[in-house]
Amino acid sequence: MIDFLVSRIYYLVSFLLLGLGAYMMIGNANLVKKVIGMNVFQTGIFLFFIVTAFVDGASPPLLTAPEPYVSPLPHVLILTAIVVGVSLTAVALGLIVRIYEEYGTLNEDAIRKVTSDE
């Protein structure tokens, strides 16, 4: 049983990151902590896709390399997802700066209270 878990440690870590990121997004009222949770969640997804793309004993898809080959597609998709994730984080933090300038707080509950009073 322990050998099975040790061989699948990357899956456990990716699901741990997914759970931790989801908890941070749901459980925190601070907007910056929600963005950090979103980044942790994204990292768990990236790790999961990279781990599932691993083929034991495979080589890069070159003409001179022996079979079996590793598909480069998951790695390319993750690189693209990292760029999108960084862009999303930058936009979210920019919006958070504007929210702080407008309301003077980053607490989601306080912002809801102020907007419901208007």
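Treat the numbers as computed from the prediction; the structure is a model and nothing was measured.

Rules and cut-offs
Residues numbered from 1 in each chain as written. Predicted model: local features only at pLDDT ≥ 70, side-chain atom pairs only at ≥ 80, totals over all residues. Heavy atoms only, no water. Helix = DSSP H or I, 4+ residues; strand = E, 2+ residues; numbered from the N terminus. Expected span 1.5 Å × (residues − 1). Buried < 20%, exposed > 50% of the residue type's maximum accessible area, 1.4 Å probe, protein only. Contact = heavy atoms within 4.5 Å. Polar contact = N/O pair within 3.5 Å; in protein donor to acceptor, adjacent residues only side chain to side chain. Patch = residues over 30% accessible without salt bridge, like charges linked within 9 Å, V, L, I, M, F, W, Y side chains within 5 Å. Areas by Shrake-Rupley, 256 points an atom, 1.4 Å probe, with all protein chains shown as cover. Salt bridge = Lys/Arg side-chain N within 4 Å of Asp/Glu carboxyl O. Core = buried A, V, L, I, M, F, W, Y, C linked by side-chain atoms within 4.5 Å. UniProt positions renumbered as here; feature names shortened; annotations may be inferred. Axes fitted to C-alpha atoms, helices over the stretch in contact; angles between N-to-C directions. Parallel < 35°, antiparallel > 145°, perpendicular 65-115°, else oblique. Nonpolar A, V, L, I, M, F, W, Y, C, P; charged D, E, K, R; others polar. Phe/Tyr/Trp six-rings, centres within 6.5 Å; stacked < 30°, edge-to-face > 60°.

### A closer look at helix α3 (residues 31-53)
Next, step 1: For α3, with 23 residues, the first-to-last C-alpha span of 33 Å sits near the 33 Å given by 1.5 Å per residue.
Next, step 2: For α3, the full list of buried residues reads Leu31, Lys34, Val35, Gly37, Met38, Val40, Gln42, Gly44, Phe46, Val51 and Ala53.
Next, step 3: The inward-facing, buried residues of α3 abut α2 (9-27), α4 (73-103) and α5 (108-117).
Next, step 4: The opening residue of α3, the one whose side-chain oxygen lies 2.9 Å from the backbone nitrogen of Val32, is Asn30.

### Regarding a nonpolar patch on the surface
Next, step 1: Taken together, the side chains of Ile9, Tyr10, Leu12 and Val13 present a nonpolar region at the surface, about 360 Å² in accessible area.
Next, step 2: Mapped onto the secondary structure, Leu12 falls in helix α2.

### A short note on the nonpolar core
Next, step 1: Core analysis: the biggest nonpolar cluster contains six residues, these being Leu31, Val35, Met38, Ala92, Ile96 and Ile111.
Next, step 2: Elements represented by at least two residues in this core include exactly α3 and α4.
Next, step 3: Per-element tally for this core: the top contributor is α3, with three residues.

### Digging into the side chain of Lys34
Next, step 1: Counting through the fold element by element, Lys34 comes out in helix α3.
Next, step 2: Overall, Lys34 belongs to the buried group, its relative accessible area being 18%.
Next, step 3: Setting aside its immediate chain neighbours within four residues, Lys34 contacts Met24, Met25, Ile26, Asn28, Ala29 and Glu108.

### Some words on the UniProt feature "transmembrane region" (unreviewed entry) in the chain
Next, step 1: Under the present numbering, the feature "transmembrane region" (unreviewed entry) in UniProt falls on residues 6-26, 38-55 and 75-97.
Next, step 2: In the segment residues 6-26, helix accounts for 95% and strand for 0%; the C-alpha atoms at its two ends are 30 Å apart.

### Section: the packing of α3 against α4
Next, step 1: It is the contact of α3 with α4, at a shortest axis distance of 10 Å, that shows an interaxial angle of 180°. Our classification of the angle between α3 and α4 gives roughly antiparallel. Across the interface between the two elements, Leu31, Val32, Val35, Met38, Asn39, Gln42, Phe46, Phe49, Ile50 and Ala53 from α3 touch Pro74, His75, Ile78, Ala81, Ile82, Gly85, Leu88, Thr89, Ala92, Leu93, Ile96 and Ile99 from α4.
Next, step 2: The residue inventory of the contact of α3 with α4, partitioned by class, reads 17 nonpolar, five polar and no charged.

### With respect to the packing of aromatic side chains
Next, step 1: The full count for this structure, using the stated rule, is three aromatic pairs.
Next, step 2: Considering the side-chain rings of Phe48 and Phe49, the 6.3 Å spacing of their centres and the 75° angle between planes classify their relative orientation as edge-to-face.
Next, step 3: Residue classification places Phe48 among the partly exposed positions, given a relative accessible area of 28%.
Next, step 4: In textbook terms, an aromatic cluster arises when at least three aromatic residues are bridged by ring pairs, as seen for Tyr11, Phe15, Phe48 and Phe49.

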